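The lines below spell out each chain.
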Amino acid sequence: QVQLVESGGGLVQPGGSLRLSCVASGRTYPMDVMGWFRQGPGKEREFVAVTNWNGAHTYYADSVNGRFTISRDNARKTVYLQMNNLKPEDTAVYYCTLDQNPYPDPSRMRATGEYEYWGQGTQVTVSS
């Protein structure tokens, strides 16, 4: 099985930036799908961004498109989420996720139920 550990969350002012990291360990394979979801207070977990195994295909939620960038370093088994121009509505627990599917269906990559492994989450708070 796979373990995922997120880091990099914290308190930031509106307009600021944070970079989240997620390190995978355990029974991992190089060709997978990794992504980020988030859950704000009283809200359901929602899609943020995903990337395929080589970073050639990435998808973003409309709410973060142009502000967030997902990337990965397969040598370190790490996926990153660079978050710029943060807004108060970005406040949430951010969860890293992974599915060991070398050829994912693009129509399913935004779905929570598509992913088998999840991290414990890291809190991001955007407030002045």
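(A) Structural view of the environment of Ser 107. Locating Ser 107 in the fold gives a position in the loop between strand 9 (92–99) and strand 10 (117–118). The class for Ser 107 is exposed, based on a relative accessible area of 57%. With 93 residues separating them along the chain, Ser 107 and Pro 14 place their C-alpha atoms 32 Å apart. Separated by 2.9 Å, the side chains of Ser 107 and Asp 105 make a polar contact.

(B) Expanded view of the nonpolar core. Core analysis: the biggest nonpolar cluster contains 33 residues, and Leu 4, Trp 36, Val 48, Phe 68, Leu 81, Met 83 and Tyr 94 have the highest contact counts within it. For this core, the elements supplying multiple residues, two or more each, are strand 1 (2–7), strand 3 (18–26), strand 4 (33–39), strand 5 (46–51), strand 7 (68–73), strand 8 (78–83), strand 9 and strand 11 (122–126). Setting aside residues no more than four positions away along its own chain, Tyr 94 makes contact with Glu 6, Leu 20, Trp 36, Phe 37, Arg 38, Val 48, Phe 68, Leu 81, Met 83, Gly 121, Thr 122 and Val 124.

(C) Molecular detail of the side chain of Asp 99. With respect to the helices and strands, Asp 99 occurs in strand 9. Here Asp 99 occupies a buried position and makes no salt bridge, while the nearest side chain of opposite charge, Arg 108, is found at 9.5 Å. For Asp 99, the contacting residues outside a window of four places in its chain are Asp 32, Val 33, Glu 114, Tyr 115 and Glu 116.

(D) Structural view of the state of the cysteines. For the structure shown, the criterion picks out one disulfide. Linked covalently through their sulfurs, Cys 22 and Cys 96 form a disulfide whose S-S length is 2.1 Å. Judged by the sign of its S-S torsion, about -80°, the bond between Cys 22 and Cys 96 is left-handed. With Cys 22 in strand 3 and Cys 96 in strand 9, the pair connects residues that are 74 residues apart, well separated along the chain. Accessibility expressed as a relative area gives 0% for Cys 96, which makes it buried.

(E) The arrangement of unusual backbone geometry in detail. A positive phi is found at Lys 77, a non-glycine position, where the angle reads about 50°. Mapped onto the fold, Lys 77 is located in the loop between strand 7 and strand 8. Judged by its relative accessible area of 39%, Lys 77 falls in the partly exposed class. In the Ramachandran plot, Asn 85 falls in the positive-phi region, its phi being about 50° despite a non-glycine side chain. Residue Asn 85 is classed as partly exposed on the basis of its relative accessible area, which comes to 43%.

(F) Layout of the packing of aromatic side chains. All chains considered together, the criterion is met by four aromatic pairs. Their ring planes at 70° and their centres at 5.7 Å tell us that Phe 37 and Tyr 115 sit as a pair that is edge-to-face. Here Phe 37, found in strand 4, pairs with Tyr 115, found in the loop between strand 9 and strand 10; they are 78 residues apart in sequence, far enough to count as distant. Note on accessibility: Phe 37 and Tyr 115 belong to one class, buried. Aromatic pair Phe 37 and Trp 118: ring centres 5.2 Å apart, planes at 70°, arrangement edge-to-face. Within this pair, whereas Phe 37 is found in strand 4, its partner Trp 118 is found in strand 10, the two being separated by 81 residues in sequence. Put simply, the rings of Phe 37, Phe 47, Tyr 115 and Trp 118 touch in pairs and so form one group of aromatic residues. Lying across the ring of Trp 118, Arg 45 places its NZ or CZ 4.7 Å from the centre.

About the thresholds
Residues numbered from 1 in each chain as written. Predicted model: local features only at pLDDT ≥ 70, side-chain atom pairs only at ≥ 80, totals over all residues. Heavy atoms only, no water. Helix = DSSP H or I, 4+ residues; strand = E, 2+ residues; numbered from the N terminus. Buried < 20%, exposed > 50% of the residue type's maximum accessible area, 1.4 Å probe, protein only. Polar contact = N/O pair within 3.5 Å; in protein donor to acceptor, adjacent residues only side chain to side chain. Core = buried A, V, L, I, M, F, W, Y, C linked by side-chain atoms within 4.5 Å. Contact = heavy atoms within 4.5 Å. Lys, Arg positive; Asp, Glu negative; His and termini not counted. Salt bridge = Lys/Arg side-chain N within 4 Å of Asp/Glu carboxyl O. Disulfide = S-S within 2.5 Å. Phe/Tyr/Trp six-rings, centres within 6.5 Å; stacked < 30°, edge-to-face > 60°. Lys NZ or Arg CZ within 6 Å of the ring centre and 35° of its normal.

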